[in-house]
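Chain residues, written in single-letter form:
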Amino acid sequence: DVAITVVADLDEAIALANDVRYGLATSVFTQSEATFEHCFTKLQAGCINWNAPTVGSSSRLPFGGVKRSGNHRPAALWSTLYCASPVAMTRGAATFEGVKLAPGME
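Residues numbered from 1 in each chain as written. Predicted model: local features only at pLDDT ≥ 70, side-chain atom pairs only at ≥ 80, totals over all residues. Heavy atoms only, no water.

1. Let's talk about the overall build of the chain
Here is step 1 of the chain: Along the chain, the regular secondary structure elements total three helices and four strands.
Here is step 2 of the chain: Secondary structure elements in the chain, listed N-terminal to C-terminal, are α-β-β-α-β-β-α.
Here is step 3 of the chain: Relative to its full complement of 106 residues, the chain shows a buried share of 16%.
Here is step 4 of the chain: Carbon and sulfur atoms provide 57% of the accessible area of the chain, an area that totals close to 8,700 Å². (Helix = DSSP H or I, 4+ residues; strand = E, 2+ residues; numbered from the N terminus. Buried < 20%, exposed > 50% of the residue type's maximum accessible area, 1.4 Å probe, protein only. Areas by Shrake-Rupley, 256 points an atom, 1.4 Å probe, with all protein chains shown as cover.)

Here it is, written out as structure tokens:
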């Protein structure tokens, strides 16, 4: 299914696009770089394409949705920042002699 909505101008189209619960990816089809740059600064999406479909994003680029489309955490190079959890560790010498045990240890 395709939904087509007629709007008065570009800013109304941007407002309509932003008035949804999702924001994973969007595409702007225009020959004008200025029009694309205007859309890029106003649209609320994790990935904004210029004259390209919203499928087939490169895994080398940051990617993450906003609103209900994701956690706005980019993937690719930055994925280690949210796929891993730092863990603290202290290393001490193993001792089992009663006089060297930590207080409270028997």
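2. Description of the packing of aromatic side chains
Here is step 1 of the chain: Taken as a whole, this structure holds two aromatic pairs when the rule is applied.
Here is step 2 of the chain: The interplanar angle of 40° and the centroid separation of 5.9 Å between the aromatic rings of F36 and F40 together place this pair among those described as tilted. One end of the pair is F36 and the other is F40, both in helix α2 (residues 33–42) and four residues apart, which spans about a single turn.
Here is step 3 of the chain: Classification of F36 as buried rests on a relative accessible area of 7%.
Here is step 4 of the chain: Among the aromatic residues, ring-to-ring pairing joins F36, F40 and W50 into one connected group. (Phe/Tyr/Trp six-rings, centres within 6.5 Å; stacked < 30°, edge-to-face > 60°.)

3. Focus on the packing of helix α1 (residues 10–18) against α2
Here is step 1 of the chain: Look at α1 against α2: their axes get within 10 Å of each other, and the N-to-C directions meet at 35°. For the pair α1 and α2, the crossing hand works out as right-handed. In this structure, α1 contributes L10, D11, I14 and N18 to the contact, and α2 contributes T35, H38, C39 and K42.
Here is step 2 of the chain: Of the residues in the contact of α1 with α2, the class split is three nonpolar, three polar and two charged. (Axes fitted to C-alpha atoms, helices over the stretch in contact; angles between N-to-C directions. Left-handed = near helix turned anticlockwise from the far one by under 90°. Contact = heavy atoms within 4.5 Å. Nonpolar A, V, L, I, M, F, W, Y, C, P; charged D, E, K, R; others polar.)

4. Some thoughts on the confidence of the model for the chain
Here is step 1 of the chain: Averaged over all residues, the pLDDT of the chain is 78; the fraction at 70 or higher stands at 58%.
Here is step 2 of the chain: For the chain, per-element mean pLDDT is lowest for helix α3 (residues 80–83), which scores 61, and highest for α1, which scores 96. (pLDDT = per-residue confidence, 0-100.)

5. Thoughts on the pairing of strand β2 (residues 25–28)
Here is step 1 of the chain: Along β2, the buried face is formed by T26 and V28; none of A25 and S27, which line the opposite face, is buried.
Here is step 2 of the chain: The pairing of β2 with strand β3 (residues 47–50) spans four bridges and is parallel. When the sheet's bridge partners are listed, S27 is paired in β3 with N49.
Here is step 3 of the chain: Considered for its hand, the β-α-β crossover made up of β2, α2 and β3 is right-handed. (Pairing = 2+ DSSP bridges. Right-handed = clockwise from strand over helix to strand, strands pointing away.)

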